[in-house]
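The lines below spell out each chain.
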Amino acid sequence: QVQLVESGGGLVQAGGSLRLSCAASGRTDSTNCMGWFRQTPGKDREFVATIRWSDGSTYYADSVKGRFTISRDNAKNMVYLQMISLKPDDTAVYYCAAARTVLLVTLPGRYDYWGQGTQVTVSS
């Protein structure tokens, strides 16, 4: 099993920045990729970004490309999501997820473990 705990969410004004953190514990060696997703009430969970533990390869949703950066610290089993130029449309609960696949996947069903989420609210 892998446990994931997100932190760093909060309220920020449009144009501001936030950095989300995800602490992974347990059988982290069984996972190869980490991802960030977000969800608003009544909508499906939306892919944001993913990163591969081994080589740091990344992939982003078009909606966040150039504004969000995913990174990882292998020694600490941490994954981060740096968000800049935030917009009200970025308001959502943000989830960290871990996948056993080595592929950089975007579908929620391809991820095996999930955190509880952290709320990000961007005011206009």
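Structure: see above.
Parameters at a glance
Each chain carries its own residue numbering, running from 1 in the direction its sequence is written. Only residues with pLDDT of at least 70 get local features here, since the model is predicted, and only at 80 or more are side-chain atom pairs given and counted; chain-wide, interface and lining totals rely on the full set of residues. Side-chain figures throughout are based on the complete set of non-hydrogen atoms in the structure, without hydrogens or water. Between the rings of Phe, Tyr and Trp (Trp by its six-membered ring), a pair exists once the centres lie within 6.5 Å; its type follows the angle of the planes, with under 30 degrees stacked, over 60 edge-to-face, and the other angles tilted. Strands here are runs of E lasting at least two residues and helices are runs of H or I lasting at least four, both read from the DSSP assignment and numbered beginning at the N terminus. Only protein chains enter the accessibility calculation, which uses a 1.4 Å probe; a residue whose area is less than 20% of its type maximum is buried, one above 50% is exposed, and one in between is partly exposed. Cysteine sulfurs are considered disulfide-paired once they come within 2.5 Å of each other.

Asker: Mind showing me how you'd approach the packing of aromatic side chains here?
Answerer: Between two aromatic rings, the relevant description is the distance of the centres plus the angle of the planes. This model, assessed by the stated rule, comprises six aromatic pairs. Ring centres 5.0 Å apart and planes at 80° place the aromatic pair phenylalanine 37 and tyrosine 111 in the edge-to-face group. Here phenylalanine 37, found in strand E4 (residues 33–39), pairs with tyrosine 111, found in the loop between strand E9 (92–99) and strand E10 (113–114); they are 74 residues apart in sequence, far enough to count as distant. Overall, the relative accessible area of 0% leaves phenylalanine 37 in the buried class. Given the relative accessible area of 5%, tyrosine 111 is considered buried. Among the aromatic residues, those joined into a cluster by ring pairs are Phe37, Phe47, Tyr59, Tyr95, Tyr111 and Trp114.

Asker: Just checking my understanding: could you explain the state of the cysteines for this structure?
Answerer: For the structure shown, the criterion picks out one disulfide. The residue that forms a disulfide with cysteine 22 is cysteine 96, at a sulfur-sulfur distance of 2.0 Å. Looking down the S-S bond of the cysteine 22 and cysteine 96 bridge, the torsion is -75°, so its handedness is left-handed. Separated by 74 residues along the polypeptide, cysteine 22 in strand E3 (residues 18–26) and cysteine 96 in strand E9 bring together distant segments of the chain. Of the two residues, cysteine 22 and cysteine 96, both sit in the buried class. Here cysteine 33 stays unpaired: no disulfide links it, and the sulfur of cysteine 96, its closest cysteine neighbor, is 12 Å away.

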